[in-house]
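So the chains spell out like this:
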Amino acid sequence: MNSTNKFLVLIASFLIITSCEKQYEPIKVTANNFHNSVNRVIDVMIHDIFSPPVASRVFAYPNIAAYEIIAQNDENYNSLSGQINTLGNIPKPKNEDQINYQLAAFMTHLDLSKKLIFSEEKLDVYQDSLYSLWEIANPIEFEEAKAYASDVTGYISNWMDKDNYNQTRTMPKYTVNSSEDWRWQPTPPSYMDGLEPHWNKIRPFVLDSASQFKPIPPPEFSMDKNSKFYKELREVYEITNEMIQIGDESEEVQIAKFWDCNPYVSVNRGHLMFAVKKITPGAHWILITQIACKNTDSDVNKSIYAYTKSSIGIADAFISCWDEKYRSNLVRPETLINKYFDDEWKPILQTPPFPEYTSGHSVVSGSAATVLTDVFGENFTFLDDSELRYGLPIRTYNSFKQASEEAAISRMYGGIHYRAAVEEGIGQGNKVGDLVVERLNMVN
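Residues numbered from 1 in each chain as written. Predicted model: local features only at pLDDT ≥ 70, side-chain atom pairs only at ≥ 80, totals over all residues. Heavy atoms only, no water.

Peer 1: Just checking my understanding: could you explain the overall build of the protein for this structure?
Peer 2: Counting its regular elements, the protein contains 15 helices and four strands. Taking the principal axes of the C-alpha coordinates as reference, the protein spans close to 110 × 45 × 40 Å. Taken across its 444 residues, the protein has 56% of its residues classed as buried. Residue pairs at least 24 apart in sequence account for 80% of intrachain contacts in the protein once pairs closer than 6 positions are excluded. Surface summary for the protein: the accessible area is close to 19800 Å², and the carbon and sulfur share equals 50%. Here the protein holds 41 positive side-chain charges and 58 negative ones, and the gap between their average locations is 3 Å. (Helix = DSSP H or I, 4+ residues; strand = E, 2+ residues; numbered from the N terminus. Buried < 20%, exposed > 50% of the residue type's maximum accessible area, 1.4 Å probe, protein only. Contact = heavy atoms within 4.5 Å. Areas by Shrake-Rupley, 256 points an atom, 1.4 Å probe, with all protein chains shown as cover. Lys, Arg positive; Asp, Glu negative; His and termini not counted. Charge placed at Lys NZ, Arg CZ, Asp CG, Glu CD.)

Right under this line is the structure:
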């Protein structure tokens, strides 16, 4: 074969090869993709009945992992490495110029979420359907992102496993001491053990320690009619009785039910007992974060940033609150009202299975509202439709602070907290949120 023929053969081969190569468009990951994934995870968490503290952990780690990936490629956001307790630098991608960072962030969020839930198979169908479309759309980009997501998932998983969670699973249950009236006791109808008595041993994200914002002690226990404690107990009894007389049309009843957020409500019907499953307080605020992102048309990166910052505030709020709960170990209103006032009285909401002071929803709401105000601004009006799935109407708020204050007072309206736990709780939460805002330099 002469040189001319060889040249023609080479040209023909090149044309055949290039004609077979398909030009792929980059995979587009939208904010709605991320929102939908968050919603799927919440649905599984409701099914699996995660306690409020544990649920906050399930939100935080996947969001942090996703955020760290977008911070590698978006100069508007700063890595949390060195800003969050013991977090180092995530791995760099092997081919930085070929990585779709938003796709990798989405994948890592979903992979880590699956590690933290029980019914991971419930996410598999959603994941497989979405991934099959993306893999067809751009197989090379898909595989590169998937490989990088796997590296980051492994790194964050290793960091996560050192937060003492696994150790707390083997620690002893809370021991009930009913010899003194002021001590917490399990409440009807299930009389469950004290929930997560060792949660203050979980490594916080921003807090220096679980006790950093230790609140003042609750009012001194006393059944003297002139004592502050007795007056607060009586207030719960009287205000709930007034609400019951008015019925469901009472604004206070509607507020109590809207912010119930009890993931496991036991219902007795004759010889049957079953559970009504709901979102946790943290999940409610994650959904408010989603509402704010949608209202502001936030892109996927800003949405991940908002979820991450709010979930950190929520997680540390639970650690701070639970540290106080098992220190003060205060009895719930239901126990005392049944013993001293009315043995047939029931609160509007079912009393959750852990000590009274401070109010968990108040602490978490104060922290989340403070963080979201930093992200989206003051006087942020929004419609909260988080509880529509439970048949509850949409409520309107003119700021995150207003929503947090209503969430806090809902606990007293529900008959499950005294006023001090609400007022001190939201103040405690505000301090946690302020620290998150102060410590974390996330946006340039």
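That covers the picture; the talk isn't over yet.
Peer 1: Please explain helix α2 (residues 31-48) as it appears in this structure.
Peer 2: For an α-helix, 3.6 residues make a turn, and residues three or four places apart therefore share a direction. The terminal C-alpha atoms of α2 lie 26 Å apart, and with 18 residues this matches the ideal 26 Å at 1.5 Å per residue to within 8%. Listed in full, the buried residues belonging to α2 are A31, N33, F34, H35, S37, V38, V41, I42, V44, M45, I46 and D48. Tucked inside the fold, the buried residues of α2 contact α3 (52-71), α4 (101-116), α5 (121-137), α10 (281-295) and α11 (300-328). Of the residues flanking the end of α2, it is I49, one or two places downstream, whose phi is positive at about 55 degrees. (Expected span 1.5 Å × (residues − 1).)

Peer 1: Can you help me understand the environment of Q428 in this one?
Peer 2: Structurally, Q428 is set in helix α15 (residues 419-439). The class of Q428 is buried, set by a relative accessible area of 3%. Distance in space between the C-alpha atoms of Q428 and G366 is 7.5 Å, their sequence separation being 62 residues. In this structure Q428 touches F213, P215, S320, C321, T358 and V363, once residues within four positions along its chain are discounted.

Peer 1: Would you explain unusual backbone geometry in this entry?
Peer 2: With the exception of glycine, the majority of residues adopt a negative phi angle, and the majority of peptide bonds are in the trans configuration. For the bond from P188 to P189, the omega torsion is 5 degrees, close enough to zero to count as cis. Within the secondary structure layout, P189 lies in the loop between α7 (165-168) and α8 (228-246). In this structure, the amide linkage connecting Y357 to the following residue, T358, adopts the cis form with an omega of -5 degrees. With respect to the helices and strands, the residue T358 is situated in the loop between α12 (333-341) and α13 (360-376). In this structure, E196 takes a positive phi of about 50 degrees despite not being glycine. On the secondary structure map, E196 appears in the loop between α7 and α8.

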